[in-house]
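The chain contents come next:
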Amino acid sequence: MLNLSAYHQPKSLPEALALLGSSGRALRPLAGGTDLVPALTKGETEPLGLVDLSRIPELRGISRVDNQIRIGSLSTFGEIENSPLLLAVPLLREAAAAVGSPQIRSQGTIGGNIANASPAADTVTALAALDAVARLESAAGSRSVQVSELLCGVGQTKLLPGEVIKEILFQVPPQGSRSGFVKLGRRKALAIARMNLALVITFEAGRISRARVALGAVGPNPSRRPALELVLLGQEPSRTLIDEFAMAASKEVGQMLGTRPSVSYKREAVKGIARDLLQRLFFGAGQVVG
Amino acid sequence: MKKRGYGIGSMWYGIGSTAATNPSGAFVDFLDDGTAIVMSGCADIGQGSTTVLAQIAAETLGVGLEDVVVITADTGMTPDSGPSSASRQTYISGNAVRLAAEKAREQVIAKAAEMLDLDPGEIRLRDGQVWYEEEPAGKTMIEVIAQCRGEGILTLGHGTFNPATTKLDPATGQGVPYATYAFATQIAEVEVDTETGIVEVKKIVAAHDVGAAVNPQNVEGQIEGGCSMGVGYALLEEVVVDGGEIKNPGLSSYLIPTALDMPEVFPMIVEAQEPSGPYGAKGVGEPALVPTAAAIANAVADALGIRLYDLPLTPERIVAAIKAAASSQHE
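Cut-offs and rules
Residues numbered from 1 in each chain as written. Chains lettered and ligands numbered in written order. Predicted model: local features only at pLDDT ≥ 70, side-chain atom pairs only at ≥ 80, totals over all residues. Heavy atoms only, no water. Helix = DSSP H or I, 4+ residues; strand = E, 2+ residues; numbered from the N terminus. Contact = heavy atoms within 4.5 Å. Axes fitted to C-alpha atoms, helices over the stretch in contact; angles between N-to-C directions. Left-handed = near helix turned anticlockwise from the far one by under 90°. Nonpolar A, V, L, I, M, F, W, Y, C, P; charged D, E, K, R; others polar. Expected span 1.5 Å × (residues − 1). Buried < 20%, exposed > 50% of the residue type's maximum accessible area, 1.4 Å probe, protein only. Salt bridge = Lys/Arg side-chain N within 4 Å of Asp/Glu carboxyl O. Patch = residues over 30% accessible without salt bridge, like charges linked within 9 Å, V, L, I, M, F, W, Y side chains within 5 Å. Areas by Shrake-Rupley, 256 points an atom, 1.4 Å probe, with all protein chains shown as cover. Lys, Arg positive; Asp, Glu negative; His and termini not counted. Charge placed at Lys NZ, Arg CZ, Asp CG, Glu CD. Pairing = 2+ DSSP bridges. Polar contact = N/O pair within 3.5 Å; in protein donor to acceptor, adjacent residues only side chain to side chain. 1 Å grid on protein atoms, 1.4 Å probe; cavity = no way out; pocket = protein on both sides within 12 Å on 5 of 7 lines; lining within 4 Å. Points joined across faces, edges and corners; volume = space filled by probe spheres on them.

(A) Representation of the environment of V240(B) in the model. All names here are of chain B. With respect to the element layout, V240 can be found in the loop between helix 4 (216–235) and strand 11 (241–242). When the C-alpha atoms of V240 and T50 are compared, they prove to be 37 Å apart, with 190 residues separating the residues in sequence. In this view, V240 contacts E245, I246, K247 and N248; residues no more than four positions away in its chain are not counted.

(B) Layout of the packing of helix 10 (residues 239–257) of chain A against helix 11 (residues 263–283) of chain A. Residue and element names in this part refer to chain A. As a packed pair, helix 10 and helix 11 sit with axes 8 Å apart at the nearest point and diverge in direction by 145 degrees. Helix 10 and helix 11 meet at a crossing whose hand is right-handed. Residues R239, L241, I242, D243, F245, A246, M247, A249, S250, V253, G254 and L257 of helix 10 touch helix 11, and the partners they reach there are V263, K266, R267, V270, K271, A274, R275, L278, Q279, F282 and F283. A per-class count over the contact of helix 10 with helix 11 returns 14 nonpolar, three polar and six charged.

(C) Structural view of helix 11 of chain A. Residues and elements named next belong to chain A. Between its first and last C-alpha atoms helix 11 spans 30 Å; for 21 residues at 1.5 Å apiece the expected length is 30 Å, and the two agree. Across the 21 residues that make up helix 11, a large majority, 16, are buried. With its phi angle positive at about 65 degrees, G284 sits one or two positions after the end of helix 11.

(D) Main features of the pattern of salt bridges. The full count for this structure, using the stated rule, is 31 salt bridges over all chains. Measuring nitrogen to oxygen at the nearest pair gives 3.1 Å for the salt bridge that ties R105(A) to E81(A). Of the two residues, R105(A) sits in helix 5 (residues 102–107) while E81(A) sits in helix 3 (residues 77–82), which places them 24 residues apart along the sequence. Accessibility expressed as a relative area gives 12% for R105(A), which makes it buried. Between D29(B) and R149(B) there is a salt bridge, and its shortest N-O distance comes to 3.7 Å. Remark: R149(B) occurs in helix 3 (residues 141–150) and D29(B) occurs in strand 2 (residues 24–30); sequence separation between them is 120 residues. Salt bridges here are not isolated pairs; linked through shared partners, they connect K188(A), R4(B), E189(B), E191(B), E200(B) and K202(B).

(E) Main features of a negative patch on the surface. All names here are of chain B. Together, D119, E122, E133, E134 and E135 make up a negatively charged patch on the protein surface. Locating E135 in the fold gives a position in strand 7 (residues 135–140). Overall, the relative accessible area of 57% leaves E135 in the exposed class.

(F) Spatial organisation of a nonpolar patch on the surface. Residues and elements named next belong to chain B. On the surface, a cluster of nonpolar side chains totalling about 260 Å² of accessible area is made up of V239, V241 and I246. Structurally, I246 is set in strand 12 (residues 245–246). Here I246 falls in the partly exposed class, since its relative accessible area comes to 43%.

(G) Region of interest: the sheet that holds strand 1 (residues 2–17) of chain B. All names here are of chain B. Taken in spatial order, the four strands make up an open sheet running 1-9-10-13, and their pairing is mixed. Two strands bound the open sheet, and with one partner strand each, they are strand 1 and strand 13 (264–270). With direction set aside, neighbouring strand axes in the sheet form an average angle of 15 degrees. In the sheet, strand 1 pairs with strand 9 (residues 178–193) via 15 bridges, with the strands oriented antiparallel. The residue bridging G5 from the neighbouring strand is V190, located in strand 9. Each of strand 9, strand 10 (199–209) and strand 13 touches helix 4; the most contacted strand, strand 13, lies at about 130 degrees to it. Contacts from helix 5 (residues 292–304) reach strand 1, strand 9 and strand 10, with the element oriented near 155 degrees to strand 1.

(H) Representation of helix 4 of chain B within the structure. All names here are of chain B. Here helix 4 spans 28 Å end to end across 20 residues, near enough to the 28 Å set by a 1.5 Å rise per residue. Along helix 4, the residues classified as buried are V219, I223, G226, C227, G230, V231, G232, A234 and L235. Structurally, helix 4 contributes buried residues whose contacts are with strand 9, strand 10, strand 13 and helix 5.

(I) Representation of the environment of R28(A) in the model. All names here are of chain A. In this structure, R28 sits in strand 2 (residues 27–30). The partly exposed category is assigned to R28, whose relative accessible area is 32%. Setting aside residues no more than four positions away along its own chain, R28 makes contact with L20, L36, T45, P47, G49, L50 and V51. Only 3.1 Å separates the side chain of R28 from the side chain of T45, close enough to count as a polar contact.

(J) Highlighting the layout of surface pockets. Roughly 1100 Å³ of internal volume is contained in the second largest pocket. Considering the residues around the second largest pocket, the lining is formed by 46 residues, among which K183(A), R187(A), K188(A), I198(B) and E200(B) are closest to the centre. Elements that contribute at least two residues to the lining of the second largest pocket include exactly helix 4 (90–97), helix 5, strand 9 (177–184) and helix 11 of chain A together with strand 9, strand 10 and helix 4 of chain B. Partitioned by chemical class, the residues of the lining of the second largest pocket number 25 nonpolar, eight polar and 13 charged.

If you want it as structure tokens, here you go:
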């Protein structure tokens, strides 16, 4: 049962920050509520009250200035999935589209996805590959932190008391880039990622001049995997390269998971999702069916 | 690597249990405006039985479907029709409604025969008219029912259907356990990713002998719904018990297929008339689910050349089976 003694719905960011700043951690910020409300009803978290951020205009909206994209933290997965401003970053649109179901995507937000710090957060894997930065605001001031730096364990962030994520910022990948996201779930909708993979590959004169590879649900938080980026750098797209990447991803996942029970399956499965995504990015088509 | 395979599953399934009594009752009240009220205890749980009972009554009484009101599953006013289970309602309660409607019809026909001075055995009711041989005989049903009411005759009928109880041999359990049987064959096409272990069902063709399809669209819906349960049974659904505690007690952890997990299903309705069924009908509720998992498991065996014996065919089981087969080949 929900047992709250306070519920605030501020209309501006300074008002929200003042409420949160004066409460320590007694008040929790509420975004879309798709993670927080179930946790509250199950009694997994017991704040004194909530500060509902949904009526704060400063936290909404998606915009682009030159090559920088800004996404308000209260933007829903549905807004991200369908935003024409994000056509240049298919990996983020695909990650947003992979979340839950249409109802959850209409309600859940990208800021909430980060702050909830789930190992399987779909958009966080894409944001890691984009080297995205989160701008944090509190009554004391603002600071910017890399999204992947902000996360420090399952359900753990470096957000300070009274601090909220205002917006997410990243650069559009350079000309000649292709990107994508793939999710391994137990079914095609309403399933938590058992593993996800985001890639940004930039081609120059037929060779890969820049690569960003991020893996999610392998370890505590999604993260970039430099060892896998090196496999791609300087190479020409080919079936051999896909094989090499799949083998390297398998090794990487094996090292990341160590002796966890999921290792034997995930080490194998990552090869399949890596092939799916690279095949699409290299040749624009799915895997050949034998 | 992705591999494709095809598999077949076939089944037969008893309809109308005769091992114990299996009765259903119905009332039909044929009213003086030419409409009818059907009362049946049959609970429509979404499968469409109320529509089917209305169709059976309308067909028997010679009125339009829009002229039949069906009151169901109210223990305060409807007769016992037994449970909506065992794929029995079209067959059992459909027969009860048919018999009740025939009783109501008999009274109208008897009065029409008297009014027109014709042999009642040659009179039919159709499209709101009284028919003799192949032509309208010059009286409407409304006129005949009004005449009945004028004479104090209520055109009511009741019917019960209970397939002859055979009882099974208490020592051997043998006997004739069902009044009739439904038959079906389904074919599944799958694509298996040998690395992720994910089985994607690409297509299901499902041919079902339903005796007669009282409502073909309903039957197709039943077949498609059954196939979706079968996909869940084959690939997803598993109650995980640890120390006596169910670890996945909700639909967020006990997963069933979503619309996105379902392939296109091609239902094929086979109509081999069942003489004891209402207008030849049998049942399709459970049969639609029975062969699906077998067809999918056979398709996976066809794709991989490896046979798995445990359901559901989870990605972990598929990957483990592929690894085990590869290592036994090396030995």
